[in-house]
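Structure at a glance
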Amino acid sequence: MSDEATTQEGNGTARKVIRIGTRKSQLARIQTDSVVKRLKELYPNIHLEIVGMTTTGDKILDTALSKIGEKSLFTKELENALEKNEVDLVVHSLKDLPTTLPLGFTVGAVLKRENPHDAVVLHPKHAGKTLDTLPDKSVIGTSSLRRAAQLKRRFPHLEFKDIRGNLNTRLKKLDEKDDFAAIILATAGLRRMGWDRRISQILGPEDCMYAVGQGALAVEVRARDSDILEMVSVMHHPDTVLRCIAERAFMRHLARGCSVPVAVHTEVKDLQLYLTVVSVWLYVLCVSDSLDGSDSLKETMQTSIEPGNEVEEERVDEAVQRVGVTATNVSRVAQDAAEKLGVDLAKLLISKGAREILTIARQLNDAR
């Protein structure tokens, strides 16, 4: 636990204070408060302290995320504090966490996923419309290549433009100016902020599949801090863990640690895990008229996640991490199957030339 983090009980005895690191944004604090609430429900006598921080991603507001190139935009400062024992755990949006974590860290809890799909938020003057019914050349705001690529293909009559800032800032830009007919945001963030009424349309997988890990909260801890790891592990949501392991395994094997505009959709049904992906072809199609896109833009695989014989207890160390996640209370057999599913689907796309197209996509992005 963190150095000198203690408080005095009424009887004069010292009690450890568990410090939780988080970004300072309103959404980050709401998400962290939900983790704090859950921990207090599980451990009524626990003493928690929230430590807010500003990350690199919070400071860079005038550049599209795809142009920055940094893999840990919203996590590095939090992990630095964790490494220095200034905090005992940190709360992230799982989609912000790279698929390979720094040495010594692990995701100790993946909480139940909120709706991971993207949402359309319309300018008030377009109330009642959908992306289909917006006028030709309406401008849609999004800083995500993944969203813009899929939606440009699905709604060719629309135009797409970068928009940066936190949720409050982007909504203000939408409402107070006429630059955008609509913006695309994560449904999960809007719901956590209590802004359900602003959701005009939720985009299903046929329109726009979501980012790896989107909608899930992750609690990152020091891998060797067994007390903290054991404490947070009870918050793991098994289905969410397995879905996110498959998604992260796919991205890590395909992209080899780099950030790419990959879109996914996962589903657990009757002890089967289904993973559908859309990869970089879409982005290449959007930014270059000189390249032909394969018709095989979308691939799906499935695997059984039925628990097997869990013979021996896992040691809590980095050797049992799966794409950065340690979940000793979730079937190891099911976790292995989920990870293999992601890797196998990545291998299929690689066999169809995904990495070569990925290289071209990066070059085109750099030239924009």
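These lines cover the structure that appears in this document, whether it is placed above or below. No experiment lies behind these values; they were computed from the predicted model shown.

The rules behind each value
- Residues numbered from 1 in each chain as written.
- Predicted model: local features only at pLDDT ≥ 70, side-chain atom pairs only at ≥ 80, totals over all residues.
- Heavy atoms only, no water.
- Helix = DSSP H or I, 4+ residues; strand = E, 2+ residues; numbered from the N terminus.
- Buried < 20%, exposed > 50% of the residue type's maximum accessible area, 1.4 Å probe, protein only.
- Axes fitted to C-alpha atoms, helices over the stretch in contact; angles between N-to-C directions.
- Left-handed = near helix turned anticlockwise from the far one by under 90°.
- Contact = heavy atoms within 4.5 Å.
- Nonpolar A, V, L, I, M, F, W, Y, C, P; charged D, E, K, R; others polar.
- Salt bridge = Lys/Arg side-chain N within 4 Å of Asp/Glu carboxyl O.

1. Observations concerning unusual backbone geometry
For Asn85, which is not glycine, the phi dihedral falls at a positive 65°. Assignment of secondary structure puts Asn85 in the loop between α4 (76–83) and β5 (89–93). With a phi angle near 45°, Val323 is a residue other than glycine that sits in the positive phi range. Turning to its location among the elements, Val323 is positioned in the loop between β15 (298–304) and α11 (332–351). You can call Val323 buried: its relative accessible area is 1%.

2. What to know about the packing of helix α9 (residues 238–255) against α11
Look at α9 against α11: their axes get within 7 Å of each other, and the N-to-C directions meet at 35°. Considering how the two elements wind past one another, α9 and α11 form a crossing that is right-handed. Seen from α9, the contacting residues are Leu242, Ile245, Ala246, Ala249, Phe250, Arg252, His253 and Leu254; seen from α11, they are Ala334, Gln335, Ala338, Glu339, Leu341, Gly342, Val343, Leu345, Ala346, Lys347, Leu349 and Ile350. Here the residues of the contact of α9 with α11 are counted per class, giving 14 nonpolar, 3 polar and 3 charged.

3. Points about the pattern of salt bridges
Following the criterion strictly, the structure yields 20 salt bridges and no others. Note that Glu247 and Arg113 form a salt bridge whose closest N and O atoms lie 2.9 Å from each other. Of the two residues, Glu247 is situated in helix α9 and Arg113 in the loop between β6 (105–110) and β7 (118–122); the sequence distance between them amounts to 134 residues. There is no split in this pair, since Glu247 and Arg113 are both buried. One salt bridge in this structure joins Glu114 and Arg191, with 3.5 Å as the shortest N-O distance.

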